[in-house]
Amino acid sequence: MSYIVLRHRDIPDLNKLDTYKKNGGFAAFENAVTKMKPNEVTDVVKNSGLRGRGGAGFPTGMKWSFIDNKNWPHYVVANADESEPGTFKDREIMEGNPFQFLEGLAIASYAVGANVAYAYLRGEFWQVAALLDEKIAEMEEAGILGDKLFGTDYSLHIYTHLGAGAYICGEETALLESLEGKRGQPRVRPPFPPAVGLFGKPTVINNVETFTNVPMILANGAEWYKSIGTADSAGVKVFSLSGRVRKPGNYELPFGTTFRELIYTHGGGVQDSRSVKAIMPAGASSSLIVVSDEKILDTPMDYATVRTLGGDLGSASVIVIDDSVSMDWLVNKTVHFFKHESCGKCTPCREGTYWMSNIIERIHTGKGTTGDVDLLLNVAKQIQGKCLCALGEFSTMAVVTGIERFPEDFKKAVSPAPLPLYVSETERMEKA
Amino acid sequence: MTKLITLTIDGIQVTAPEGTGVADAAKMAGIDIPVFCHHPKLEPVGMCRMCLVEIGRPMRDRATGQIVMENGAPKIQFLPKLETACTNKVEEGLVVLSQTEKAKAGQKGTVEFLLTSHPLDCPICDKGGECPLQNLTIAHGPGKSRFLFDEKFHLGKRVPLGELIVLDQERCIQCARCIRFQDEIAGDAVLGFDDRSRSMKIITSSDPGFDSVFSGNTTDICPVGALTTVDFRFEARPWELGATASICTQCPVGCNITLNTRREARASGDFVVKRVMPRQNEEVNEIWICDKGRFAHHYTDSKKRLTSPLARKGKNEKLAHASWNEATKLAADHFLAAKENFVVLASGRLANEDLFNLKSLADQVGGQAYLYSHIGGGELTTQVGVGAGTNFAGMGAGTTIVVVASDLYQEAPIWYLRVKQAAERGATLIVLNPRETKLDRYASFGVRYAYGDEVKTVNDLDKQSKLGDAFTKAENAVILFGSDGLGLDGTSSLASACAGLLQNAGHVGKPNNGLIGVWERANDQGAWEMGFQVAEDLTEILKGKAVYIVGADPVGDDPKLAQTLEGAKFVAVQDVIETATTEIADVILPAQSFTEREGTLTSGERRVQRFYSAVPPTGESKSDFAITSQLADHMGIDLEGKSVSAVFDILADSVKSFEGLNYAKISEVKPQWPIVGRGDMYYGGTTYENTMGVGAHLTAAKGGETVSTSQVHATREAAPLPKEKELLAVPVTKLYDRGTTVMMSANLLRERIGGPSITLHPESAKSLGVEAGQLVNISFDGVSGDVVVKLDDTISIGVALVPRSMGLAIREPVLAEVHSQR
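Predicted model, so just to flag it, every value in this text is computed and none were measured. (Residues numbered from 1 in each chain as written. Chains lettered and ligands numbered in written order. Predicted model: local features only at pLDDT ≥ 70, side-chain atom pairs only at ≥ 80, totals over all residues. Heavy atoms only, no water.)

Draft legend 1. Fine view of the packing of helix α15 (residues 370-383) of chain A against helix α2 (residues 101-117) of chain B. Between α15(A) and α2(B), the least distance of the axes is 10 Å, while the angle of their chain directions is 115 degrees. Pair α15(A) / α2(B) crosses with left-handed handedness. Facing α15(A), whose interface residues are A:Val379, A:Gln382 and A:Ile383, α2(B) presents B:Gly109, B:Glu112 and B:Phe113. For the contact of α15(A) with α2(B), the per-class residue count stands at 3 nonpolar, 2 polar and 1 charged. (Axes fitted to C-alpha atoms, helices over the stretch in contact; angles between N-to-C directions. Helix = DSSP H or I, 4+ residues; strand = E, 2+ residues; numbered from the N terminus. Left-handed = near helix turned anticlockwise from the far one by under 90°. Contact = heavy atoms within 4.5 Å. Nonpolar A, V, L, I, M, F, W, Y, C, P; charged D, E, K, R; others polar.)

Draft legend 2. Main features of the nonpolar core. Residues and elements named next belong to chain B. One finds Phe335, Leu361, Val404, Leu480, Leu515, Phe532 and Tyr548 to be the most contacted residues of the largest nonpolar core, which totals 201 residues. No other element matches helix α14 (residues 488-504), which puts 8 residues into this core. Setting aside its immediate chain neighbours within four residues, Leu480 contacts Phe392, Ile401, Val402, Val403, Val404, Trp415, Val419, Ile516 and Val518. (Core = buried A, V, L, I, M, F, W, Y, C linked by side-chain atoms within 4.5 Å. Buried < 20%, exposed > 50% of the residue type's maximum accessible area, 1.4 Å probe, protein only.)

Draft legend 3. Layout of the pairing of strand β2 (residues 114-121) of chain A. Residue and element names in this part refer to chain A. Within β2, 6 of the 8 residues are buried, which leaves the element mostly enclosed by the surrounding structure. The pairing of strand β1 (residues 74-80) with β2 spans 7 bridges and is parallel. Pairing of Val77 across the sheet is with Tyr118, part of β2. When β2 meets strand β3 (residues 157-162), the two strands line up parallel, connected through 6 bridges. For Val116, the partnering residue across the bridge sits in β3 and is His157. Crossover connection from β2 via helix α7 (residues 126-141) to parallel β3: handedness right-handed. (Pairing = 2+ DSSP bridges. Right-handed = clockwise from strand over helix to strand, strands pointing away.)

Draft legend 4. Region of interest: the interface of chain B and chain A. Taken together, the 32 residues of chain B in the interface contact 33 residues of chain A. For the chain B and chain A pair, buried surface summed over both sides reaches about 2,800 Å², with 55% attributable to carbon and sulfur atoms. On the chain B side of the contact with chain A, B:Phe113, B:Arg146 and B:Arg196 bury the most area, a combined 29% of that side's loss. At the surface where chain B touches chain A, the tally comes to 4 salt bridges. In this structure, the salt-bridge partner of B:Arg196 is A:Glu341, at a minimum N-O distance of 3.2 Å. (Buried area = accessible area lost by both parts, 1.4 Å probe. Salt bridge = Lys/Arg side-chain N within 4 Å of Asp/Glu carboxyl O.)

Draft legend 5. Structural context of empty space enclosed by the protein. Residue and element names in this part refer to chain B. All told, the structure shown has 7 cavities of 30 Å³ or more when counted by the stated rule. Estimated volume of the largest cavity: approximately 190 Å³. Lining the largest cavity are 17 residues, with Glu130, Thr219, Thr229, Phe232 and Arg275 positioned closest to its centre. Broken down by secondary-structure element, the contributors of at least two residues to the lining of the largest cavity are α5 (217-221), β13 (227-229), β16 (271-278) and α6 (291-295). Taken together, the residues that form the lining of the largest cavity break down as 5 nonpolar, 4 polar and 8 charged. (1 Å grid on protein atoms, 1.4 Å probe; cavity = no way out; pocket = protein on both sides within 12 Å on 5 of 7 lines; lining within 4 Å. Points joined across faces, edges and corners; volume = space filled by probe spheres on them.)

Draft legend 6. A look at helix α8 (residues 352-365) of chain B. Residues and elements named next belong to chain B. Helix length check: α8, at 14 residues, gives a terminal C-alpha distance of 20 Å against a target of 20 Å (1.5 Å per residue), a fit within 8%. Within α8, 12 of the 14 residues are buried, leaving the element largely enclosed by the surrounding structure. All of the buried residues in α8 are Asn352, Glu353, Asp354, Leu355, Phe356, Asn357, Leu358, Lys359, Ser360, Leu361, Ala362 and Val365. In the segment just after α8, Gly366 is the residue with positive phi, at about 95 degrees. (Expected span 1.5 Å × (residues − 1).)

Draft legend 7. Broad picture of the side chain of B:Thr579. Residues and elements named next belong to chain B. Within the secondary structure layout, Thr579 lies in the loop between β27 (570-575) and α19 (580-584). A residue is classified by how much of its surface remains accessible, and Thr579, at 7% relative accessible area, is buried. In this structure, Thr579 is in contact with Asp553 and Thr740, ignoring residues within four places of it in sequence.

Draft legend 8. A look at the pattern of salt bridges. Residues and elements named next belong to chain B. Taken as a whole, this structure holds 76 salt bridges over all chains when the rule is applied. Here Asp121 ties to Arg171 by a salt bridge, and the two come within 2.8 Å at their closest N and O atoms. In this pair, Asp121 sits in the loop between α2 and α3 (132-140) while Arg171 sits in the loop between β10 (165-167) and α4 (177-186), placing the two residues 50 residues apart along the sequence. The exposure class of Arg171 is buried, given its relative accessible area of 4%. With a closest N to O distance of 3.6 Å, Asp781 and Lys560 form a salt bridge. Separated by 221 residues along the polypeptide, Asp781 in the loop between β34 (775-780) and β35 (783-791) and Lys560 in helix α18 (residues 559-566) bring together distant segments of the chain. In this structure Lys560 comes out as partly exposed when scored by relative accessible area, which is 32%.

Draft legend 9. Helix α8 (residues 172-179) of chain A, seen in detail. Residue and element names in this part refer to chain A. In terms of burial, α8 is largely enclosed, as 7 of its 8 residues are buried. Along α8, the positions that sit buried rather than exposed are Thr173, Ala174, Leu175, Leu176, Glu177, Ser178 and Leu179. On its buried face, α8 sits against β1, β2, β3 and β4 (203-207). Positive backbone phi, at 95 degrees, marks Gly181, one or two positions downstream of α8.

Draft legend 10. Summary view of the sheet that holds strand β21 (residues 399-404) of chain B. Residues and elements named next belong to chain B. The sheet built from 5 strands is open, its strands ordered β23-β22-β21-β24-β25 with parallel pairing. Of all strands in the sheet, those bounded by a partner on one side alone are β23 (445-448) and β25 (514-517). If you compare each strand with its neighbour and ignore which way they point, the axes differ by 15 degrees on average. This element, helix α11 (residues 413-424), spans β21, β22 (428-433), β24 (476-481) and β25 of the sheet and lies at about 140 degrees to β21.

Draft legend 11. A look at the packing of aromatic side chains. By the definition in use, this model includes 31 aromatic pairs over all chains. Taken together, the ring pairs connect A:Tyr354, A:Trp355, B:Phe113, B:Phe147 and B:Phe153 into an aromatic cluster. A cation sits over an aromatic face here: B:Arg275 above B:Phe232, 4.4 Å from the ring centre. (Phe/Tyr/Trp six-rings, centres within 6.5 Å; stacked < 30°, edge-to-face > 60°. Lys NZ or Arg CZ within 6 Å of the ring centre and 35° of its normal.)

Draft legend 12. Highlighting the side chain of B:Glu151. Relative to the assigned elements, B:Glu151 resides in the loop between α3 and β9 (159-161). At 3.0 Å, the side chain of B:Glu151 forms a polar contact with the side chain of A:Arg362. Excluding residues within four positions of it along the chain, B:Glu151 makes contact with A:Tyr354, A:Asn358 and A:Arg362. (Polar contact = N/O pair within 3.5 Å; in protein donor to acceptor, adjacent residues only side chain to side chain.)

Draft legend 13. Here's a closer look at the environment of B:Phe625. Residue and element names in this part refer to chain B. For Phe625, the position within the fold is in helix α20 (residues 624-634). In sequence terms Phe625 and Glu640 are 15 residues apart; their C-alpha atoms lie 8.1 Å from each other. Residues within four places of Phe625 in sequence aside, it is in contact with Glu353, Asp354, Asn357, Arg597, Glu640, Gly641, Lys642, Ser643, Val644 and Val647.

Here you go:
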């Protein structure tokens with residue numbers, strides 16, 4: 001099947017303007033602007049079944065239709081923060097197929113009536129941003145971006161903006177704060193961005209991959225896109241495969257592909273021919289899906305089906321864990337990541353991730369007790385349901401599922417005899 | 001009319017206006033939902049997660065949109081997660097549960113999380129005893145700690161934010177109340193967060209640090225001991241403190257304060273004032289005070305307090321201790337003999353009762369009573385000033401506020417807050433000034449006029465223009481006039497023009513309409529109401545007279561007046577503290593400071609408020625009104641001297657605007673929102689509840705009564721133009737100046753007070769060949785002094801801003817010469 005998103009793997013030099021144009025480039029955008037009404041464009045996207053590719057999987061067309069038409073101007077923002085550990089698809093898209101991404105962003109802008117769009121990239125992507133700036137300039141010169149496009153009254157300018165090294169700025173409202181020049185900390189929701197977004201105005205924010213699908217959907221039709229993938233999740237997904245596989249990398253596959261196919265057919269199987277112990281389908285924010293039975297690997301990957309395994313597909317950053325990995329090591333890594341990246345705004349995440357990191361470090365370095373494992377689970381559950389944004393919630397996923405589903409790993413890491421945290425003088429003397 | 005919403009909180013039906021947050025609605029109904037980051041005067045942020053409650057909403061059928069009913073009542077759908085009560089607004093039919101196991105577990109969890117990093121500082125932390133974290137830990141927190149002590153995260157313990165506030169970064173619970181107060185209310189965004197995650201800490205972004213005159217308020221609303229004042233650090237435990245209601249005497253706003261007192265060994269077991277705290281009066285200062293009011297109280301227990309009557313036996317004799325009887329008799333004899341040459345020179349630092357007795361004395365002797373002030377126009381504020389029902393908090397869309405010739409931020413900081421907030425609520429703010437001030441940011445209209453064009457500019461408000469219409473066509477209008485670049489003559493003309501305008505546009509005689517003078521001192525308005533007069537040139541008034549100077553330091557302020565008084569026939573000085581004037585006095589009468597006695601003050605908004613005595617009198621000092629009474633007694637004049645409320649009653653009978661007022665009436669209290677006070681200080685902060693009186697307004701002029709604007713020049717000539725190498729020196733007011741009461745607190749405020757300086761535009765400095773920080777000599781009108789140069793590119797070229805009360809006696813714009821010092 002020919003590529004839909006990673007088309008540069010089929011067509012060399014697709015990141016050059018001429019090549020892109022020769023391969024149907026910008027026809028969808030021009031058609032939309034000159035021949036379609038904005039809400040007609042939204043309807044096509046709605047009917048295609050496209051869901052957000054950033055991790056939440058929210059129906060894209062529906063999100064666009066929520067934009068408040070009583071408050072202007074409107075903005076569209078592309079979330080190119082890509083900071084989820086195990087996710088590296090958007091970088092390839094922007095470097096390999098930048099025009100398709102930008103075209104998708106442009107079509108979305110037209111659909112919601114925005115004349116200004118932003119691509120927010122993580123600070124570490126300064127080279128990618130420079131590349132996008134070049135491409136935007138080329139598009140402007142070619143009359144595809146700018147004022148009064150294609151002989152209509154519609155104007156669109158796209159700007160790139162760099163973050164400064166914070167994972168939290170991938171959270172959409174923290175991203176907007178950062179884009180506005182403030183500290184990247186999430187806002188209270190409701191209101192949500194389609195009602196109150198960038199500079200207080202209605203804003204649509206989508207992931208890079210989501211936008212990159214849009215030109216192909218407009219060009220080939222909603223029905224075409226819906227026919228690919230599954231009933232629950234239409235289209236293709238770029239799976240970022242990593243972990244203990246032989247061939248980690250990006251693999252564009254239709255929804256419904258099984259884990260087995262992804263890992264063995266494309267990913268070259270597990271290193272050292274070991275067996276899969278667990279899968280984290282959503283990067284570090286995942287629950288740990290236990291591969292207790294080989295049959296689990298035959299689960300088709302789409303949003304609804306993966307949930308039945310006790311985890312969310314999320315951004316489809318599939319991290320494969322084999323039996324050489326002890327879960328206390330893994331949880332130590334994820335917790336330290338979240339502790340470092342917590343923005344600090346709300347108490348449970350700020351204090352909780354710090355506390356969890358101390359406990360898991362003790363456990364992992366052999367200084368922990370079984371009491372510490374209980375404590376870690378308890379603290380993680382105390383954080384859950386209390387945080388201002390998803391970061392705090394996700395910081396607990398690997399902890400809770402790790403301890404509950406792989407208790408032996410943790411038992412092995414700690415001392416057998418549970419020690420109380422505090423022993424009084426009298427007790428100590430009595431024991432002596 | 002705001003819609004009222006009915007909801008249920010913990011089974012109790014609550015009704016609140018639309019837009020109210022659930023936590024506030026609960027408070028209104030007497031239900032305490034614990035909070036840290038939420039404050040009723042700040043926008044909710046949902047950061048601390050302490051107010052987690054279960055919230056259920058009436059279910060709506062997805063298809064029909066109708067409410068689903070169950071057993072005759074709407075079916076309530078609870079979300080799986082707890083929600084923050086502060087960020088959720090009231091909705092019809094909402095069900096809030098704050099006491100369920102789940103909610104309590106959430107609240108307990110939050111306290112536990114906060115305590116993991118919080119240091120065990122209670123034994124040495126000033127906040128202990130009035131600490132929201134302590135209180136809510138007892139109420140909601142876990143009994144034992146599960147966190148290992150050695151793993152506690154450490155941050156800076158004594159980080160100075162400026163020289164007035166100390167930050168303990170470890171105690172901070174990252175609630176951001178201080179940052180949000182500075183951003184939203186004070187308008188000085190000088191605090192912020194640095195770093196993220198567990199390392200998130202408060203820093204100040206200004207130089208000098210925490211550069212805001214409202215900084216002390218953050219220590220009231222900080223829920224822990226992270227922000228403490230240098231003034232009160234390690235000074236006392238809150239439970240040791242007595243609390244006395246008082247009124248700040250530093251400016252005409254009349255902020256309600258509480259004096260906290262304690263017995264001290266250094267005072268031989270007597271009570272001393274340990275700190276000044278705000279007291280709630282939503283119609284005057286809400287729950288805030290400025291730093292000057294908070295920190296400049298130390299003069300009351302300075303070693304320079306006058307403790308006993310002193311008198312000179314002869315003209316060239318030294319001052320020697322005298323009895324009250326001797327001292328007052330000596331003065332009385334001279335005053336009686338002087339008859340029409342008897343002059344009372346009193347300042348607005350005095351209480352209404354003191355001023356009334358002084359005026360009565362002057363009248364009965366046949367002498368003159370002068371108010372020591374550089375601002376005129378008060379007789380107009382007594383006629384078209386604001387009256388009952390006036391409240392800045394009630395001003396919004398439909399009201400126009402004009403601020404002319406005043407840098408409110410420096411001259412009356414809490415009025416700056418009130419006006420700013422009114423503008424943010426939709427009031428039309430018109431700022432007319434000869435230079436940029438902080439209030440400009442909130443103005444709908446601004447006019448920059450040349451020095452001398454004040455009256456002309458104000459008269460433009462009468463014209464048919466956008467600016468004029470904004471004033472004349474407004475429902476309500478208030479004009480605040482100050483003395484930026486103006487002396488007595490100028491302010492009188494200005495007030496006259498303003499009064500005429502208000503009269504013509506019908507903006508008099510009703511609430512939120514009228515003229516307000518941004519006076520020098522707390523009770524200038526009271527003096528005006530009682531008929532004190534002012535004079536541009538006091539040298540003529542005082543030459544060769546028998547002078548009774550009360551609460552003023554003309555010798556220290558102006559060398560010309562010093563010279564005049566040296567040649568006066570007789571000078572009796574009544575004051576609280578040693579000044580340059582007491583040095584040349586023939587008789588010194590020691591007065592009690594406001595902390596040692598009772599009385600009333602009239603604010604610039606014409607509100608009479610009571611203050612109460614907190615500490616015993618210093619030495620042999622007496623209340624000013626009592627001294628005057630004793631003095632009068634020797635002259636056969638009967639003035640009440642024993643009961644301060646009796647003086648007030650006589651005053652109310654004699655002065656028309658005080659009609660109907662008495663101590664009982666001005667001590668009345670009323671329920672105020674938000675609820676603050678000792679019982680639940682986690683909600684509103686450690687501001688004191690007002691249980692001793694919110695004060696009462698004087699009567700205002702009725703609409704239609706013509707104002708007699710028979711004032712000095714209705715139009716003024718333009719200010720003199722400087723020649724080359726000359727500058728136009730203009731007087732401006734600085735909050736922290738070298739006034740007698742401020743200087744005694746210089747230990748704390750030294751940096752803020754600074755030394756004598758002038759401010760020039762960089763271009764002016766360049767053409768004079770001087771640089772910032774350079775010492776120069778400035779001379780004008782017989783006055784000369786060495787000052788440090790400061791630069792400001794927002795002022796006019798050719799102008800030198802000369803702050804008053806900083807060592808240079810400047811009254812009006814005057815041509816000056818500046819020479820650099822080698």
